[in-house]
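Results of the structural survey
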Amino acid sequence: MTINKITGELCKTARPLWEEVFHEDSIQFTDYYFDNKAEKNIGYTLGPAPYEAMMFRTPYTLQIGKVKKEISYIVGVATRKECRHRGYMRKLLMHSFQEMYREKNPFTFLMPASPSIYEPFDFRYVYERDVWTLKEQGKMADFLEALTLEGNKEYETNRVLNGLYSVRSLQKHIPEIPIMEKLAEFSNQYLKEHYNIYVFRDAAYYEMQLKESEAQNGDIYVCFEQGEIKAFFLYAREEGEVFVQEVIEAEEGILDFLQKSENK
């Protein structure tokens, strides 16, 4: 069976298979993905639309030492249920590896549902992600809303950001502050000090992160001290429960209402 390469708008034709295989994704998240990210991918498919199998390469700019390099993040690897155990996944992965080799990509990466699936292809762990939880899950929504309102009032009086702010609220009420650029600057400085390889962030990166959080009923919250960013976190909310997705602190313990629970 011939492998077809799809790019741009054609990547959106994979949505029916995505919805079938990744049925746990909400409609809001799937809408976000295919409205904002899918057409930026390189896709590989088997069979006519709606396809028997597929996978995507999503481009990310990685900082590798002093060099920036566009690297592919593998996502959306899926085979229709009745077409599994025919080697389709292997065929798509090997084809994509060959293309990336010709493009001189130093490596590719992914976040596996199960590591054992990808170990036969020589994938190995390169890092473990900290998993954060709220110390008081049930009170979080009221807590965040109160802090956001308090912060905006203080800014109106003193013109200096202090405390915890919703990025959505900042964009709406204090649009003169380039919050996405500030987030990118803060993140890249922190990552440079702690890692040799990391995804390079810019304003567009955080604009997309905010859209993803909104699609999952979440937001980005930023902690300021005398106008300087000291920490931030992203979260999603499903069925009333808050899921913390990323945390960066200039010093450990700034966001004292969060706690590390495990590595993933």
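We now turn to the structure provided with this report.

1. Let's talk about the sheet that holds strand β8 (residues 219-225)
Strand pairs in the sheet, formed through backbone hydrogen bonds, run parallel or antiparallel to each other. In space, the 4 strands of this open sheet follow the order β6-β8-β9-β10, with antiparallel pairing throughout. Each end of this open sheet is capped by a strand with a single partner; those strands are β6 (163-166) and β10 (241-249). Sheet twist, expressed as the average angle between the axes of neighbouring strands with direction ignored, equals 25 degrees. Contacts from helix α8 (residues 203-215) reach β8, β9 (228-238) and β10 within the one sheet, and its direction differs from that of β8 by about 125 degrees.

2. Quick look at unusual backbone geometry
One can expect most non-glycine residues to show negative phi and most peptide bonds to be in trans. Cis geometry marks the peptide bond from A49 to P50, where omega comes out at 10 degrees. With a phi angle near 75 degrees, Y51 is a residue other than glycine that sits in the positive phi range. Looking at where Y51 falls in the secondary structure, it is placed in the loop between β2 (42-46) and β3 (53-64). Phi at Q226 is positive, roughly 50 degrees, even though this residue is not glycine. Mapped onto the elements, Q226 comes out in the loop between β8 and β9.

3. Some words on the pattern of salt bridges
Going through the model one piece at a time under the given rule, you end up with 12 salt bridges. Between E39 and K12 there is a salt bridge, and its shortest N-O distance comes to 3.6 Å. Of this pair, E39 sits in the loop between α2 (27-36) and β2 while K12 is found in the loop between β1 (3-7) and α1 (15-21), placing the two residues 27 residues apart along the sequence. For E39, a relative accessible area of 33% gives the class partly exposed. When the shortest N-O distance is used, the salt bridge between E246 and R201 registers 3.2 Å. Linking E246 in strand β10 with R201 in the loop between β7 (197-199) and α8, this pair joins segments that are 45 residues apart in sequence. By the burial criterion, E246 is buried, and R201 matches it. Taken together, the shared-partner salt bridges in this structure form one network comprising K5, R57, E99 and E103.

4. Topic: the side chain of K37
If you trace the backbone, K37 turns up in the loop between α2 and β2. A polar contact of 3.0 Å, which involves the side chain of K37, links it to the side chain of Y60. With residues up to four places along the chain from it excluded, the contact list for K37 reads Y32, Y60 and M208.

5. Re the environment of F22
Checked against the element boundaries, F22 lands in the loop between α1 and α2. What makes F22 buried here is its relative accessible area of 19%. C-alpha separation for the pair F22 and F107, spaced 85 residues apart in sequence, amounts to 26 Å. Apart from the residues within four sequence positions on either side, F22 is in contact with M54, G76, V77 and A78.

6. Quick notes on the side chain of T108
Within the secondary structure, T108 is located in the loop between α3 (88-102) and α4 (115-118). A polar atom in the side chain of T108 sits 2.6 Å from the backbone oxygen of S72. Dropping the residues within four chain positions of it, T108 is found in contact with I71, S72, I74, F97, M100 and F123.

7. What to know about the packing of aromatic side chains
Under the defined criterion, the tally for this structure stands at 19 aromatic pairs. Each ring, one from Y221 and one from Y235, has its centre 5.9 Å from the other, and the planes form 35 degrees; the classification is tilted. Taken together, the residues span a long stretch of sequence, with Y221 in strand β8 and Y235 in strand β9 at a distance of 14 residues. Overall, the relative accessible area of 5% leaves Y221 in the buried class. Grouping aromatic residues by their ring pairs yields a cluster made of W18, F22, Y33, F34 and F56.

Reading the values: the criteria
Residues numbered from 1 in each chain as written. Predicted model: local features only at pLDDT ≥ 70, side-chain atom pairs only at ≥ 80, totals over all residues. Heavy atoms only, no water. Pairing = 2+ DSSP bridges. Helix = DSSP H or I, 4+ residues; strand = E, 2+ residues; numbered from the N terminus. Axes fitted to C-alpha atoms, helices over the stretch in contact; angles between N-to-C directions. Contact = heavy atoms within 4.5 Å. Salt bridge = Lys/Arg side-chain N within 4 Å of Asp/Glu carboxyl O. Buried < 20%, exposed > 50% of the residue type's maximum accessible area, 1.4 Å probe, protein only. Polar contact = N/O pair within 3.5 Å; in protein donor to acceptor, adjacent residues only side chain to side chain. Phe/Tyr/Trp six-rings, centres within 6.5 Å; stacked < 30°, edge-to-face > 60°.

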